[in-house]
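So you can see what is in the structure, the chains are spelled out below.
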Amino acid sequence: AQDRAAIERLMWNYVRAIDTWNADAYAATFTEDGRFGTTSGREALRAMVSGMSANRAADAPLLHHVMSNKTIEFVNPNRAIVRYYWQTVTRGVPAGPRPEMLAQGWGEDVVVKQNGRWLIQSRNVAPGR
């Protein structure tokens, strides 16, 4: 139960980091060699988020990454697979009463426990099956 709660917290930290464009917090949710798609390693992941943030228009609406219908399958005590549906939404343009969905899909992440802390080893928001 404690590991499940820690993984839930990890995934919350991940979405909050990307929604607030906090590149350091984002990179910190991954292992040193962590991977998102073809981007690999904490420094590259940090640079990816910093670059995306720098290229956003000043008046761009805030993003909200929503993960739902999440399951956590423990492969062993130090490795788990997190499967979920995801949506990226905004508050609407301009920030109005209706959210606007920008993208949706399902994902499959591998998380590992290192030195007592759960981290994302690989994040795949477009699995092949």
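This text gives an overview of the structure that appears in the document. (Residues numbered from 1 in each chain as written. Predicted model: local features only at pLDDT ≥ 70, side-chain atom pairs only at ≥ 80, totals over all residues. Heavy atoms only, no water.)

Things to note about the layout of surface pockets
Note the following rule: A cavity, in this analysis, means grid points on a 1 Å lattice covering only the protein atoms where a 1.4 Å probe fits yet has no way out; a pocket is instead an open set bounded by protein on both sides within 12 Å along at least five of seven lines, and a residue lines either one if it has an atom within 4 Å of a point. Grid points are joined across faces, edges and corners, and a volume is the space filled by probe spheres set on the points. Runs of H or I in DSSP of at least four residues are treated as helices and runs of E of at least two as strands, each being numbered from the N terminus.
Taken as a whole, the largest pocket encloses approximately 240 Å³ of empty space. Mapped by element, the contributors of at least two residues to the lining of the largest pocket are helix H1 (2–19), helix H3 (42–54), strand S3 (63–76) and strand S4 (79–90). If one sorts the elements of the lining of the largest pocket by residue count, S3 sits on top with 4 residues.

A short note on the environment of Met 11
How we decide: Two residues qualify as a contact provided that any one of their heavy atoms is within 4.5 Å of a heavy atom in the partner residue.
One can find Met 11 in helix H1. For the pair Met 11 and Val 111, spaced 100 residues apart in the sequence, the C-alpha separation amounts to 9.8 Å. If we skip the residues at most four places from it in the chain, Met 11 touches Met 67, Lys 70, Asp 109, Ile 120 and Arg 123.

Details of the nonpolar core
Going by this rule: Joining through side-chain atoms within 4.5 Å is the link that ties buried Ala, Val, Leu, Ile, Met, Phe, Trp, Tyr and Cys residues into a set, and such a set is a nonpolar core. Note on exposure labels: buried denotes an accessible area under 20% of the residue type's maximum, exposed denotes more than 50%, and partly exposed covers the range between, all computed with a 1.4 Å probe on protein chains only.
Ile 7, Tyr 14, Tyr 26, Val 111, Trp 118 and Ile 120 are the most contacted members of the largest nonpolar core, which has 24 residues in total. Counting only elements with at least two residues in this core, the list comes to H1, helix H2 (23–28), H3, S3, S4 and strand S6 (117–124). For this core, the leading source of residues is H1, giving 8 residues. Ignoring any residue separated from it by four or fewer positions in sequence, one finds Tyr 14 in contact with Tyr 26, Thr 29, Phe 30, Phe 36, Ile 120 and Arg 123.

Details of the pairing of strand S5 (residues 100–114)
In plain terms, the rule: Strand pairing follows a simple DSSP-based rule, namely that at least 2 bridges must link the two strands.
Bridge count for S4 against S5 is 12 bridges, and the pairing is antiparallel. Paired with Val 89 across the two strands is Met 101, which belongs to S5. Where S5 hands over to S6, the hairpin turn is made up of 2 residues, of which Asn 115 adopts a positive phi near 50 degrees.

Describing the sheet that holds S3
Overall, mixed pairing links the 6 strands, which are arranged S2-S1-S6-S5-S4-S3 in an open sheet. Strand pairing shows two members of the sheet lacking a second neighbour, strand S2 (39–40) and S3, which therefore form its edges. As paired strands, S3 and S4 are joined by 11 bridges and run antiparallel to one another. By the bridge assignment, Phe 74 is partnered in S4 with Ala 80.

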